[in-house]
Amino acid sequence: MSCVSAGDVPEITVDEAELRAVAMTLDARSGSTPDAAASALDEWRRLSSSYEAPESQAALSAMEPVTAASASVESAVGQASSALQTFAAAVESLRATRNQLLQDVAALDADVQSAAAADDDGGHWSDDPTLADADGDLRRRVSAFAEALEQAEQDCVRALDGISVSTAGLSLGADPGAGGVDWALVSSGGSFDLPLLSALAALPPAQLRRWASRNDELLLQMMNHDTDPAAVAAWWASLGDGTGAADPAAPDSLSDSQRTLLRWVPEALGDREGLPYTVRDTANRAVLASTIDDLESTIEAIESGSYVLPEGSSSAASDYATATAALAPLLVLRDKVGRGTPEGTRPTPFQRQLVNLDTSVVPPLAAVALGDVDRASHVSVMVSGMFSSVEESTGGALADGRAVQQSTQSRLRGDDTAATIVWLDYDSPNAATVNLPFHAQVGGERLADATRGVDAVGDARGSETYVSVLAHSYGSTTLVEALKEPDTGVDVAATYGSPGVYADSLDDFEAPRDGVYATLSPTDVLARTGWALSGVRVFPTDIDGVTSFSSGDETAPGGQSLDASSGHSDYLRPGTTSVYNLGYIAAGHGDEVIR
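Report on the accompanying structure. Just so we're clear, the structure is a prediction, and the values are computed from it rather than from any experiment.

Reading guide: rules and limits
- Residues numbered from 1 in each chain as written.
- Predicted model: local features only at pLDDT ≥ 70, side-chain atom pairs only at ≥ 80, totals over all residues.
- Heavy atoms only, no water.
- Helix = DSSP H or I, 4+ residues; strand = E, 2+ residues; numbered from the N terminus.
- Contact = heavy atoms within 4.5 Å.
- Areas by Shrake-Rupley, 256 points an atom, 1.4 Å probe, with all protein chains shown as cover.
- Axes fitted to C-alpha atoms, helices over the stretch in contact; angles between N-to-C directions.
- Parallel < 35°, antiparallel > 145°, perpendicular 65-115°, else oblique.
- Left-handed = near helix turned anticlockwise from the far one by under 90°.
- Phe/Tyr/Trp six-rings, centres within 6.5 Å; stacked < 30°, edge-to-face > 60°.
- Buried < 20%, exposed > 50% of the residue type's maximum accessible area, 1.4 Å probe, protein only.
- Lys NZ or Arg CZ within 6 Å of the ring centre and 35° of its normal.
- Pairing = 2+ DSSP bridges.
- Right-handed = clockwise from strand over helix to strand, strands pointing away.
- Core = buried A, V, L, I, M, F, W, Y, C linked by side-chain atoms within 4.5 Å.
- Expected span 1.5 Å × (residues − 1).
- Nonpolar A, V, L, I, M, F, W, Y, C, P; charged D, E, K, R; others polar.

**Some details on the overall build of the chain**
The helix and strand inventory of the chain stands at 18 helices and ten strands. Contacts in the chain between residues at least 24 apart in sequence constitute 71% of all its contacts with a sequence separation of at least 6. About 27,800 Å² of surface is accessible on the chain, with carbon and sulfur atoms providing 52% of the total.

**Some details on the packing of helix H8 (residues 205–213) against helix H11 (residues 256–264)**
One can describe the packing of H8 onto H11 by two numbers: an axis separation of 10 Å at closest approach and a directional angle of 30°. If you check the angle between H8 and H11, you find them roughly parallel. Of the two possible hands of crossing, H8 and H11 adopt the one that is right-handed. Here Pro205, Leu208, Arg209 and Ala212 of H8 come into contact with H11, specifically with Thr260, Leu261 and Trp264.

**Quick word on the packing of aromatic side chains**
Across all of its chains, the model carries five aromatic pairs by this definition. Plain terms: the ring middles of Trp235 and Trp236 are 5.8 Å apart, the flat faces sit at 55° to each other, and that makes the pair tilted. We note that Trp235, like Trp236, is buried. Above the plane of the ring of Phe350 lies Arg402, whose end atom (NZ or CZ) is 4.1 Å from the centre. Residue placement shows Arg411 over the ring face of Tyr584; its charged tip is 4.8 Å from the ring centre.

**With respect to the pairing of strand E6 (residues 492–496)**
Among the five residues in E6, five count as buried, and that is most of the element. On E6, burial covers both faces: Val492, Ala494 and Tyr496 on one face and Ala493 and Thr495 on the other are all buried. Here five bridges tie strand E5 (residues 466–472) to E6, and the two strands are oriented parallel to one another. In the strand pairing of E6, His472 is matched with Tyr496. You can see the chain leave E5, run along helix H16 (residues 474–483) and come back into E6, and the turn it takes is right-handed. The sheet contact formed by E6 and strand E7 (residues 516–519) spans four bridges and is parallel. Counted as the bridge partner of Ala493 is Val516 from E7.

**Some words on the sheet that holds strand E4 (residues 418–424)**
If you walk across this open sheet you meet the eight strands as E1-E2-E4-E3-E5-E6-E7-E8, and the pairing is mixed. With partners counted over all chains shown, the strands left at the sheet margins are strand E1 (352–358) and strand E8 (547–548), one partner each. Sheet topology note: the strand E3 (residues 378–383)/E5 ladder contains six bridges and is parallel. Residue pairing in the sheet places Val379 in a bridge with Val467 of E5. Strands in contact with helix H14 (residues 390–411) are E1, strand E2 (365–370), E3, E4 and E5; relative to E4, the strand with the most contacts, it is inclined by about 160°.

**A look at the nonpolar core**
Of all hydrophobic cores here, the largest spans 38 residues; its most connected members are Ile421, Trp423 and Leu447. Tallying contributions element by element places helix H15 (residues 438–461) first for this core, with six residues. Apart from residues no more than four positions distant in its own chain, Trp423 is found in contact with Ala366, Ala367, Val381, Met382, Val383, Ser384, Gly443, Arg446, Leu447 and Ala450. Listed in part, the 24 residues of the second largest apolar core include Ala403, Val404, Tyr584 and Ile594.

**Looking at helix H12 (residues 277–304)**
Look at H12: 40 Å from first C-alpha to last across 28 residues, which is about the 40 Å you get at 1.5 Å a residue. Looking at the residues trailing H12, positive phi occurs at Gly305, about 85°.

**Here's the deal with the packing of helix H10 (residues 229–238) against H15**
For the pair H10 and H15, the least separation of the axes is 8 Å and the interaxial angle reads 40°. By the angle between their directions, the pair H10 and H15 is classed as oblique. Where H10 crosses over H15, the handedness of that crossing is right-handed. Touching Pro229, Ala230 and Ala233 of H10 are Asp449, Arg452, Gly453, Ala456 and Ala460, all from H15. Partitioned by chemical class, the residues of the contact of H10 with H15 number five nonpolar, one polar and two charged.

Okay, structure coming up:
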């Protein structure tokens, strides 16, 4: 056994001078808040002499809550400043303790070296009671120092988390009734994720491991957080060491900071649009494995009677039901995604990558890619419809994805390559909710983020990716809601078997550059029934400007006989006219479809 060393003493990565500077800035600004609010209110009240209308009283009173809120803001800023000052003082004291520890460790090491040089019998330093006692004492002091450092960090975080601002009468963001402000979000301009991850990337691995172990709930919240994919791609590149600048998705191009985050906080990376898909696959596979282990441990403990009910849980029976419900789809997913890409290699054309995984909800949400999305010139995002889920749909959806990928690849020219993303990353409706727009609206926002992510990865590697979205059944309703979002990066869209969308014309959404295509089989009774029951949706094939294509019996220009699609779920069967046409659309050659 070696004696205690300098490497055993945790580093202090916080600069107390910088903490005090931030605290002083907050102090300087906080006092001006009520004065500024009062001044603004005085100016607002002057309107009373010149503004006379039925609504004038309501308008003139609109600023009244600002004064009360400003006082609450001043108090909150003061609390934040105080928390930082306290933390700075603790860090200063701990730094002195650390310096003394390092001196004592160096002295012990010198004593050990001297004892070894003077011992002709080859004895071990630990045989010397004085040295052994000194080593034990230092180890206890190092352990106490580490605990004190961690406690200081936790005290500061708790103090900042406890700050709230009264916003009675004010509307803040999407929740006018909110009773508080998330200071972490405010301080970083709306998203705490990237600044937090940058700070975490700078931590030594041991400290990051400790942070991750006590912040599992926060990591769950960071799954699928709404951050701009282009900003994410730029942030990830900023963590690099320059070796992977030409190809940020190269497996061997990760910097130490990137590898550290990938190892210790994969939950924060796997679902983050804008990151290379190889990185996300690695992160999501790690989360999948650890989540399955945790759920199986919970189930085993409950079944054996050794389960300790966590705080906040109502009963072991309830926890058992939740765990079994969460585990089943994850086991299916593990089976379907198969083995990951070996380290240092690229995905093969039909390699499966787990590019989205959200275990913060039960049942989980996921997306699986076929092929090398990071380098593919053409990427199709395939959206499933009603009743689609990870547990029930992954196998069939992957078979459909391969059919589309093969059809697309056969229509590409030169060195272009195709990849598909089987997208089960939204809460699809059931029979009771299929005629409501909610699932499509929420899913549409997630889908828009997904397509922006594909676009951002292409931009990061320096070449444009041709992005198509191919949507079946209610997935088409979700697709159109996604296209109502700005800057989705979608180049072309196609629907098949749609029960209708919430749009009357192409003016109701942002039509992709290369247009919208649609087909509806004459034998698809289910889609027509869904349309009739909705009462308000419109068939895409009935919208002016949408190009209809055939899904019936046809003969291809080269003489190949193509089969008609039968019913609602046969559109992607190999050999059908519909999958033949979708290949041309996804390849960017929609003008060659059979109509």
